[in-house]
Amino acid sequence: MPISVYQQTDWCLVAETNYQPGFVFFTEKIAKPMLAKRPFILAGNPGSLRLLHQLGFKTFGSVINADYDLESD
């Protein structure tokens, strides 16, 4: 993974592959900014950030308002 590329960015937009209501599936796309420790906005299924938090991951809620995670449209 080219971490040096991610380190040249201020934040990332992650567009997950699968969008199905009631189903969250993470791909490598979310892992890349997490490994590079970059803030990200996740375009995926509603509740994806909530699931990341339940799994013990910390996101950047103090920098990016995560209310969009509950938006279904």
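Our structure's up above, just so we're on the same page.
Presented here is an overview of the structure given in this document. In this text the structure is predicted, and so the values were computed from the model without any measurement.

Conventions used here
- Residues numbered from 1 in each chain as written.
- Predicted model: local features only at pLDDT ≥ 70, side-chain atom pairs only at ≥ 80, totals over all residues.
- Heavy atoms only, no water.
- Helix = DSSP H or I, 4+ residues; strand = E, 2+ residues; numbered from the N terminus.
- Buried < 20%, exposed > 50% of the residue type's maximum accessible area, 1.4 Å probe, protein only.
- Contact = heavy atoms within 4.5 Å.
- Areas by Shrake-Rupley, 256 points an atom, 1.4 Å probe, with all protein chains shown as cover.
- Lys, Arg positive; Asp, Glu negative; His and termini not counted.
- Charge placed at Lys NZ, Arg CZ, Asp CG, Glu CD.
- Phe/Tyr/Trp six-rings, centres within 6.5 Å; stacked < 30°, edge-to-face > 60°.
- Right-handed = clockwise from strand over helix to strand, strands pointing away.
- Pairing = 2+ DSSP bridges.
- Polar contact = N/O pair within 3.5 Å; in protein donor to acceptor, adjacent residues only side chain to side chain.

Let's talk about the overall build of the chain
Here is step 1 of the chain: From N to C terminus, the chain includes 3 helices and 2 strands.
Here is step 2 of the chain: Helices and strands in the chain line up, N terminus first, as α-β-α-β-α.
Here is step 3 of the chain: Looking at the chain as a whole, 26% of its 73 residues are labelled buried.
Here is step 4 of the chain: In the chain, the proportion of contacts linking residues at least 24 apart, taken out of those at least 6 apart, comes to 50%.
Here is step 5 of the chain: Roughly 5,100 Å² of accessible area belongs to the chain as shown, and the carbon and sulfur atoms make up 56% of that amount.
Here is step 6 of the chain: The averaged location of the 7 negative side-chain charges in the chain is 12 Å from the averaged location of its 6 positive side-chain charges.

Quick notes on the packing of aromatic side chains
Here is step 1 of the chain: Counted under the stated rule, the structure contains 2 aromatic pairs.
Here is step 2 of the chain: Residues F23 and F25 carry aromatic rings whose centres are separated by 6.4 Å and whose planes lie at 5 degrees to one another, so their mutual orientation is stacked.
Here is step 3 of the chain: On the accessibility criterion, F23 (35% relative accessible area) is partly exposed.

Some remarks on the pairing of strand β2 (residues 40-43)
Here is step 1 of the chain: Side chains F40 and L42 project from β2 onto a buried face, and the interleaved I41 and A43 project onto a face without burial.
Here is step 2 of the chain: In the classification by handedness, the crossover that spans strand β1 (residues 12-15), the intervening helix α2 (residues 28-35) and the parallel β2 is right-handed.

With respect to the pairing of β1
Here is step 1 of the chain: Alternating residues of β1 divide into C12 and V14, all buried, and L13 and A15, none buried.
Here is step 2 of the chain: As paired elements, β1 and β2 share 4 bridges and run parallel to each other. Bridge pairing in β2 places V14 opposite L42.

Some words on the environment of I41
Here is step 1 of the chain: If you trace the backbone, I41 turns up in strand β2.
Here is step 2 of the chain: Here the alpha-carbon distance between I41 and D67, two residues 26 residues apart in the chain, equals 11 Å.
Here is step 3 of the chain: Dropping the residues within four chain positions of it, I41 is found in contact with W11, C12, L13, V14, I64 and Y68.

Brief notes about the environment of T17
Here is step 1 of the chain: As for its position among the elements, T17 is in the loop between β1 and α2.
Here is step 2 of the chain: Of the residues examined, T17 reaches a relative accessible area of 59% and is grouped as exposed.
Here is step 3 of the chain: Along the backbone, T17 and G56 are 39 residues apart, and their C-alpha atoms lie at a distance of 22 Å.
Here is step 4 of the chain: Setting aside chain neighbours within four positions, we find T17 in contact with T27 and K29.
Here is step 5 of the chain: A distance of 2.7 Å separates polar atoms of two side chains, one belonging to T17 and the other to K29.

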